[in-house]
Amino acid sequence: MQLVMLAGELGEKYGTQHEYYNLRTPADAIKLLCINYPGLHKDLMTAHQNGVGYKLIQSGAAMGYDELHLPFGSRPMMLVPVISGSCLLYTSDAADEED
């Protein structure tokens, strides 16, 4: 069983905890959530208009776009809102440039 958690407004609207079986990747988890909750897709696609982005966190580490198709793993995954302009909203490419 894999646990996917939604934080903030998404959690309030669609539920904070979702248990799935046999998920292969984090991308599969997001796709399944969007199928189960059609409004979620729209909310994710339009959030930037309100100055909000989202990060996927697993095992305490933020996941980049290039990691969405890697194996899911056994730890819970959390989709958290990040306000635009905060230091938490970055891509893996931006993090690499700082090193």
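The structure this text deals with has already been given above.
Starting from 1, residues in each chain are numbered consecutively following that chain's sequence as written. Predicted model: local features are reported for residues with pLDDT of at least 70 only, side-chain atom pairs are reported and counted for 80 or more only, and whole-chain, interface and lining totals are derived from all residues. Think of the side-chain values as coming from all heavy atoms in the structure, minus any hydrogens and water.

1. Here we look at the environment of Cys 34
Only DSSP runs of H or I with at least four residues qualify as helices, and only runs of E with at least two residues qualify as strands; both kinds are numbered from the N terminus onward. Relative to the helices and strands, Cys 34 is located in helix H2 (residues 26-36). With ten residues separating them along the chain, Cys 34 and Leu 44 place their C-alpha atoms 9.4 Å apart. By the convention used here, residues are in contact when the closest approach between their heavy atoms is within 4.5 Å. Residues contacting Cys 34, with those up to four places away along its chain left out, are Leu 40, His 41 and Leu 44.

2. Some thoughts on unusual backbone geometry
The residue Asn 22 is not glycine, and still its phi comes out positive at about 65 degrees. With respect to the helices and strands, the residue Asn 22 is situated in the loop between strand S2 (17-20) and H2. In this structure, Ser 59 is a non-glycine residue whose phi angle is positive, near 55 degrees. Counting through the fold element by element, Ser 59 comes out in the loop between strand S3 (52-58) and strand S4 (61-63).

3. Section: the pairing of S2
The two faces of S2 differ: His 18 and Tyr 20 on one face are buried, but Gln 17 and Glu 19 on the other face are not. Strand pairing is assigned whenever DSSP detects at least two bridges linking the two strands. Taken together, the four bridges between strand S1 (residues 2-6) and S2 define a ladder with antiparallel strand orientation. Across the sheet, the residue bridging to Gln 2 is Tyr 20, located in S2. A 1.4 Å probe rolled over the protein chains alone gives each residue an accessible area, and that area as a share of the maximum for its type sets the label: buried under 20%, exposed over 50%, partly exposed in between.

As far as function goes, none of this settles anything; it's purely spatial.
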